[in-house]
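Structural characterization, general
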Amino acid sequence: METFDVVIVGAGFNGLYLLHSLRNAGFSVRLVEAQSGLGGVWEANRYPGARVDSHVPNYEYSLEACWRDWVWSERFPGRDELVRYFAHVDRVLDLGRDIDLDTRIEACRFGDDGRWRITTDTGRGYEAPILLMCTGFGAKPYTPDLPGLADFAGTCHHTAMWPEAGVDLAGRRVGIIGTGASGVQVVQEAAPRAEHLVVFQRTAVTALPMQQRQLDAAAQTAAKVDYPELFKRRNVPPGNFCDITRLDAGAFDVNDAEREAVFEAAWRKGGFNFWIGTFSDILLDEAANRAAYDFWRDKVRARLDDPAIADLLAPWEPPYPFGTKRPSLEQGYYECFNRPNVELVDLRARPLERIVANGVRTRDATFELDVLVLATGFDANTGGLTAIDIRGRDDGSLAEAWSSGVDTHLGMAVAGFPNMLMLYGPQSATAFCNGPTCAEFQGDWVTRLLEDMRDHGHGLVETTAEMGRAWTAHLAEMADTTLFGRTDSWYMGANIPGKPRQLLNYPNSDAYREKLWSCEAAGYEGFMFR
Ligand code: NA7
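This text gives an overview of the structure that appears in the document.

Once that is clear, we can look at the environment of Arg51. Within the secondary structure, Arg51 is located in the loop between helix 2 (41-44) and helix 3 (64-67). For the pair Arg51 and Glu335, spaced 284 residues apart in sequence, the C-alpha to C-alpha distance is 19 Å. Contact partners of Arg51, with chain neighbours within four places excluded, come to Trp42, Glu74, Phe76, Pro77, Gly78, Arg79, Gln185, Met210, Gln212 and Gln331. Of note is the side chain of Arg51, whose polar atom sits 2.8 Å from the side chain of Glu74.

Within the largest apolar cluster, 127 residues are counted, with the highest numbers of intra-cluster contacts made by Ile8, Leu132, Leu197, Phe274 and Phe337. The element that contributes the greatest number of residues to this core is helix 15 (residues 435-456), accounting for eight residues. The next biggest cluster of nonpolar side chains, apart from the first, holds 25 residues, and it includes Phe4, Val9, Tyr126 and Val414.

Helix 4 (residues 79-93) packs onto helix 1 (residues 13-24) with a crossing angle of 5° between their chain directions and a minimal axis gap of 12 Å. Taken together, the axes of helix 1 and helix 4 are roughly parallel relative to one another. Between helix 1 and helix 4, the contacting residues are Phe13, Leu16, His20 and Arg23 on the first element and Tyr85, Phe86 and Leu93 on the second. For the contact of helix 1 with helix 4, the per-class residue count stands at five nonpolar, one polar and one charged.

Our next topic: the sheet that holds strand 7 (residues 125-128). Whenever strands of a sheet pair, they do so through backbone hydrogen bonds, lying parallel or antiparallel. An order of 1-7-6-5-19 is seen for the five strands of this open sheet, with the pairing classed as mixed. Each of the sheet's edge strands pairs with one partner strand only, and the pair in question is strand 1 (2-3) and strand 19 (389-391).

The next thing to look at is the sheet that holds strand 3 (residues 29-32). If you walk across this open sheet you meet the five strands as 4-3-2-8-20, and the pairing is parallel. This sheet does not close on itself; its edge strands, each paired only once, are strand 4 (99-100) and strand 20 (420-422). Pairing of strand 8 (residues 130-133) with strand 20, which is carried by three bridges, proceeds in the parallel orientation. The partner of Leu132 across the bridge, within strand 20, is Leu421. Against the sheet, helix 1 makes contact with strand 2 (6-9), strand 3, strand 4 and strand 8, and its axis sits at roughly 170° relative to strand 3, the strand it touches most. Helix 15 contacts strand 2, strand 8 and strand 20 of the sheet and is inclined by roughly 175° relative to strand 8.

Lining the immediate surroundings of the ligand are 20 residues, of which Ser182, Arg202, Thr203, Lys325 and Arg326 lie closest. Thr179 places a main-chain nitrogen or oxygen 2.9 Å from an oxygen atom of the ligand. At 2.7 Å, a side-chain N or O of Arg326 approaches an oxygen atom of the ligand. When the residues that make up the shell around the ligand are grouped by side-chain class, the tally is eight nonpolar, seven polar and five charged.

Cut-offs and rules
- Residues numbered from 1 in each chain as written.
- Predicted model: local features only at pLDDT ≥ 70, side-chain atom pairs only at ≥ 80, totals over all residues.
- Heavy atoms only, no water.
- Helix = DSSP H or I, 4+ residues; strand = E, 2+ residues; numbered from the N terminus.
- Contact = heavy atoms within 4.5 Å.
- Polar contact = N/O pair within 3.5 Å; in protein donor to acceptor, adjacent residues only side chain to side chain.
- Core = buried A, V, L, I, M, F, W, Y, C linked by side-chain atoms within 4.5 Å.
- Buried < 20%, exposed > 50% of the residue type's maximum accessible area, 1.4 Å probe, protein only.
- Axes fitted to C-alpha atoms, helices over the stretch in contact; angles between N-to-C directions.
- Parallel < 35°, antiparallel > 145°, perpendicular 65-115°, else oblique.
- Nonpolar A, V, L, I, M, F, W, Y, C, P; charged D, E, K, R; others polar.
- Pairing = 2+ DSSP bridges.
- Near = heavy atom within 4 Å.

Okay, structure coming up:
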């Protein structure tokens, strides 16, 4: 076994930042990654149209070495450009020499000697006192148990397991199950290419206009004088984007015309502005939320030719409170349904009965397909962690510990799993926080914690079951005081049959960051050291 101070699992934003930061702090570190390249979800999600939902310059590191010579071509970069960005980061920070790619971790065992032993599918093994899990929230694709799926004779792929060589959609009969962010993006690519496209929708997505645009290299370079200040703002309330703010007022603290003007301005800015950049109570108050939904609905309905299709894509009554499922960003998604070659199937009215050799059979029809796309999402937050056989004290399994629900302290540590910390994991701000922003503040926090342990000669850090229960209770309160608890979403673990229903991401990144910082200021409250 190779021996290090720290082993990091996962080469996405979190793992790479920690590798850089811990190496600078003088720790010996090895990062282990199952995939053949860097970028985490961006390496994996190579389906047509894959694109980030956070605009330049938010979705990148604030490290000057990384942004100084990097120029983005689009306001919302696509997957291939993001992968190139990670290669650039690798180069400028010289990360690769401490990374093992193509190495899938199978098991992590904590021994009585206070060290983790890590085994992999290549036979390579690692040993380290500290284990940092940076597997992200979307490491484990979810394929529903659709009857007959194995019988399909055409080409079938989950969006997160798309073949590197791609799939030709041109002139073919394509079916897409799922209308989350991935489904929306594939629909936009498939609609103009496919001979016929069938979109199987279970729940309408409240997709927002991306307002994509090409970026001018010279203007971007000139704007960099402000980057240091801009990046600081990602850590200043409200929110975690450097340039999305919201009013310190509720939606009904202003008159109708003013409210409409605020919504309209956010709509025009595009991206997440309409989700998180209008009024302070949109995700807290039913009436405020309804006002946002109605604005969204009217905008979308105006773009659809067929009122019956509009009733399915943008119903008069909200299918769930607006924004409590992550709003996808779209570029012409709704207009796809005005095309003669695109058909929308409402799976609630016409349930899917079986996948058959030549297509999808619903209660009332068979849709013949050459290609079936499963845009069915992820076993989000926990799936990437529980897929690894992680054993803490007394051989206790993490998957078993979480089988009836997740408990963590601050989303960072689990009782019974000493010296293991998780970043961007369950019960931290995660999907409610811009990835690189969270990677940096959590990564800095972990780096300071490990330095502090080294300074004090501590070899062990762990939390207690009481702290875990208290944090879970706090999140349950957040689920009740916001509108998130009302919706069956992956934020609530509710997209996976049988998964315990609980709020798995902390829905306020400002408050979350404050909690981390105050824990540290209080001498790492809730953690014990030896
Ligand atoms: P999502 O957002 O979880 O979307 C999955 C979609 O698949 C969603 O529309 C689901 O409908 C649908 N789904 C899931 N299971 C089924 C079954 N059994 N039958 C029919 N439809 C089903 O995943 P994405 O990959 O699009 O996006 C994930 C996030 O990753 C995204 O928000 C970005 O932040 C990155 P449902 O809504 O559950 O009725």
